[in-house]
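# Reading the structure
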Amino acid sequence: MNNKVINGGKSSKKKKKQGMPMNEKDARIRQHPILKFDRGKKIRFFFKGKPVEGYENETIAMALYANGIRTFSHSFKYHRPRGMFCAIGKCASCLMEVDGIPNVRTCITPIHEGADVRPQGRDSIIAKAGYFLMNHIHMGPGFYYRHFIHPGFLYQFYISILEKFIGPGKYPTKVKNPPKTVKKEVETMEAEIVVIGAGPAGASAAIYAANLGAKVVLIDENRYIGGQLIKQTHKFFGSARHYAGIRGITIAKQFEKEVKSNKNITLMLDSKVVGIYDGNIVGVLQKNRFLRIKPKKLIVTTGAYEKTLVFENNDLPGIMGAGGIQTVMNVFGIKPGNEALIVGAGNVGLILAYQLLQAGVTVKGIVEAMPTVGGYFVHAAKVRRYGIPIYTRHTIVKALGKKYVTGAVIAQLDDKWQPIPGTEKKIKCDLIGISVGLRPANELLLQAGCEMKFVSALGGFIPLRTENNETTVKGVYVAGDLGGVEEASTAIMEGRIAGISAAMSLGYKAPDTEEVLEKIRKDLADLRAGPVGERIRAGIKQVLIEG
Amino acid sequence: MPRDYPFLKRGYATIEEVQKHLPPIERIKKGPVATNECIEEIPCDSCAMICPTKAVEMPTINDVPKVIFDKCIGCTLCLQVCPGLAFFMLDKSKSPEGKTWVTVPHELLPVPKKGDIVKALDRTGKHVTDAKVVMVIKSPKAYGTYLITVEVDDEYANYVRAVLA
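Report on the accompanying structure. (Residues numbered from 1 in each chain as written. Chains lettered and ligands numbered in written order. Predicted model: local features only at pLDDT ≥ 70, side-chain atom pairs only at ≥ 80, totals over all residues.)

## Side note on the packing of helix α6 (residues 200-211) of chain A against helix α12 (residues 488-505) of chain A
All names here are of chain A. Keep this limit in mind: For every element, the axis is a line fit to its C-alpha atoms; helices are fit only across the contacting stretch, and the angle between N-to-C directions ranges from 0 to 180 degrees. Each helix is a run of H or I in the DSSP string that is no shorter than four residues. Each strand is a run of E no shorter than two, and both are numbered from the N terminus. A crossing counts as left-handed when the near helix is turned anticlockwise from the far one by less than a right angle, and as right-handed when that turn is clockwise. Contacts here follow a simple rule: the backbone-placed C-beta atoms of the two residues must lie within 7 Å. Basically, the charged four are Asp, Glu, Lys and Arg, the nonpolar ten are Ala, Val, Leu, Ile, Met, Phe, Trp, Tyr, Cys and Pro, and anything else, Gly included, counts as polar.
One can describe the packing of α6 onto α12 by two numbers: an axis separation of 7 Å at closest approach and a directional angle of 35°. In this structure, α6 meets α12 at a crossing whose hand is right-handed. Two secondary-structure elements touch here, α6 through Pro200, Ala201, Gly202, Ser204, Ala205, Ala206, Ile207, Tyr208 and Ala209 and α12 through Ala488, Ala491, Ile492, Glu494, Gly495, Arg496, Ala498, Gly499, Ile500, Ala502 and Ala503. Among the residues forming the contact of α6 with α12, the class breakdown is 14 nonpolar, 4 polar and 2 charged.

## Looking at α12 of chain A
We count it as follows: Every helix has an expected span of 1.5 Å times one less than the residues it contains.
In a regular helix each residue adds 1.5 Å, so 18 residues correspond to 26 Å; α12 of chain A covers 25 Å between its end C-alpha atoms and thus fits that length. Backbone geometry just downstream of α12 of chain A places Gly507 of chain A in the positive-phi region, at approximately 95°.

## Thoughts on the nonpolar core
Residues and elements named next belong to chain A. So the rule is basically this: In these notes, a nonpolar core means any group of buried Ala, Val, Leu, Ile, Met, Phe, Trp, Tyr and Cys residues linked to one another through C-beta atoms within 7 Å. In this scheme the burial state of a residue depends on its C-beta neighbours within 10 Å: 20 or more other such atoms mean buried, 12 or fewer mean exposed, and anything in between means partly exposed; the C-beta positions come from the backbone.
Among the nonpolar cores identified, the biggest contains 195 residues, and Ala206, Ala209 and Ala353 are the most heavily contacted of them. The leading source of residues in this core is α12, at 9 residues. Setting aside anything within four residues of it in sequence, one finds Ala209 in contact with Ile193, Ala214, Val216, Gly499, Ile500, Ala502 and Ala503.

## Concerning unusual backbone geometry
Of note, the amide linkage connecting Leu109 of chain B to Pro110 of chain B takes the cis form, showing an omega dihedral of -5°. In this structure, Asp270 of chain A takes a positive phi of about 55° despite not being glycine. Tracing the backbone shows Asp270 of chain A in the loop between β10 (265-268) and β11 (272-277). Its 15 C-beta neighbours within 10 Å are what place Asp270 of chain A among the partly exposed residues.

## Comments concerning the interface of chain B and chain A
The interface is formed by 40 residues belonging to chain B together with 42 residues belonging to chain A. Residue assignment for the side of chain B that touches chain A shows that the elements contributing at least two residues are α1 (6-10) and α4 (46-50) of chain B. For the side of chain B that touches chain A, the class distribution of residues is 22 nonpolar, 8 polar and 10 charged.

## Points about the packing of α6 of chain A against helix α7 (residues 248-261) of chain A
Residues and elements named next belong to chain A. Remark: α6 packs on α7, axes separated minimally by 10 Å, with the N-to-C direction vectors making an angle of 35°. Both α6 and α7 take part in a crossing whose hand is left-handed. Of the residues in α7, those in contact with Ala203, Ala206 and Ile207 of α6 are Phe255, Glu258 and Val259. Partitioning the contact of α6 with α7 into residue classes produces 5 nonpolar, no polar and 1 charged.

## Remarks on the pairing of strand β12 (residues 281-285) of chain A
Residue and element names in this part refer to chain A. Operational definition: A strand pair is defined by DSSP finding two or more bridges across the two strands.
Going residue by residue along β12, you find Val282 and Val284 tucked away on one face and Ile281, Gly283 and Leu285 left uncovered on the opposite face. Bridging between β11 and β12 involves 5 bridges; their strand directions are antiparallel. Within β12, the position partnered with Tyr277 by the bridge is Ile281. With 4 bridges joining them, β12 and strand β13 (residues 290-300) adopt antiparallel strand pairing.

## Quick word on the sheet that holds strand β6 (residues 117-121) of chain B
Residue and element names in this part refer to chain B. The sheet built from 7 strands is open, its strands ordered β1-β4-β5-β8-β7-β6-β9 with antiparallel pairing. Of all strands in the sheet, those bounded by a partner on one side alone are β1 (33-36) and β9 (162-164). Averaged over all neighbouring strand pairs, the angle between strand axes comes to 40°, with direction disregarded. Note that β1 and strand β4 (residues 87-91) share 4 bridges and pair antiparallel. Note that in β4 the partner of Thr35 across the bridge is Phe88.

Structure below.
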């Protein structure tokens, strides 16, 4: 095997072939004004059979990104390049074959020494030629199953030939490093309160319920506590009695300490909840076993994930969700690009622009379709004073580039939200951050049978709930972004309410519990009281039901 | 209350919009004083809560902070804690004639050192003048935010709001 490491030092031609938009040998950030990165020791693994260097605390996709590899696979049908989008295991953009196992979410899968990482889908010259023929000569972008159907008896033959060119590629037949012990029988356990998700809402719920004496099982699919707080390098707004003025990363550490020191909390990290079954039974998939947990009360705090935007070429590698970019640069310390354009001037977009500056990335501008910035003025002022333009009443028309992003075209919008011809502006960039809002990750609640309602102000389908955050399914509580997309401070308050309510319904109570609960409710109402909270207040009114 | 302030369209404030938050020149001559540019009602009260002399007035968490200049002792705690980096400090008590010391929060690399000449930027990012760094503070309360004090001509004192090394 070729022992030369893909880590710079090769000809530029080779780099281009790998999909290397950046000229840097190593995109890892060595100096950062706020963060320090603990990468652990060096590890070597293989990408398409060639050795690549990574670090033990990195995931597969991050290590590839750090080496300038942005194209991970090609799409099933049109052979479009695929890169990373969400970077937290919520989308299907970074799926690759690892050690013979297909569909591995490489953005959240840690590397191990000698891992064999391969793209999915056809990637050979023959496939490319086949795609070219299909696309350009014969029929243009069309679904081949519709064209090769006559005469009918030859259909299977056509497909067998076609699948050599397009499609998912050859399926692997064996797993290279199978886990040593896999328990085949399903274990069943009982719990008083199960909390799904250890972000700000889930951790708060677990801590407050456990402090009242309830036995809590806290489950998260990540290897850490704090959810998306771990990439929030900015200081938090809100009440100084809680977390205002403290950076998100510091809050995450405080949660970790509180959860780990609490004897009433059983922590299950790296555990995926794959379903909620009859009787609110929670199915948990761990590395080598499947668990069935029967809780008396269930608190779901799975948060939200990023929406994307429809525009030409929006699937190119280099176009990422804002949160994805934050993960790449703030969690793993990898420079996500050299020149960035941000779409959406809400708080996330504005904060992202500032964080990109901190990571040494040039921000070319922030595009916002609304006439005003959606985020707090102070966030906008923070980036404006470093000269980053904010284009209000503008939109992105298309992304430029073939293998990865090389630029974008933006245009002004008219009163009917249509781009005004002649106002198009070309912006050179190799990274486009999409921050157009979040939608609740509500799949588990749908399985549980909770009644939902579409509330656009809260981000999508929102569970109906009582003042105690209990849904229409008895014993199932929600908190945080899942119950309406807001921000971490309110998620923490809601988590506390859900935690206390669940514990109280099981009979756990301290003399001052009701007082505490009232106080949290009042603080939460205060946070939402201002003009910024107006939409949220109206939204929550729509999903509130009598308890 | 609709959010249609003109500064939200632009992303920055004009001097007129922050005028009422700027301390009078007599006060600046007496010693360091805080000025805030947090001019939109958002739910945050970190400055009011940390102020040791209760010089930041804020009736409810959603009100715009108002600095009572005569109560302010120039301790810089509000600059350190403000998540919006919207507090600045002005001082003419130690600077030579015709110059003002402006303190800005700074979270970018490289961090300027005392004596460096840096680019002083206004609210829109325009490089208005060069300035000498006279003081650099890093305090644990600020969780990593540096406070950079630069000496600028008086005419720029109300304009310089960021520095670039």
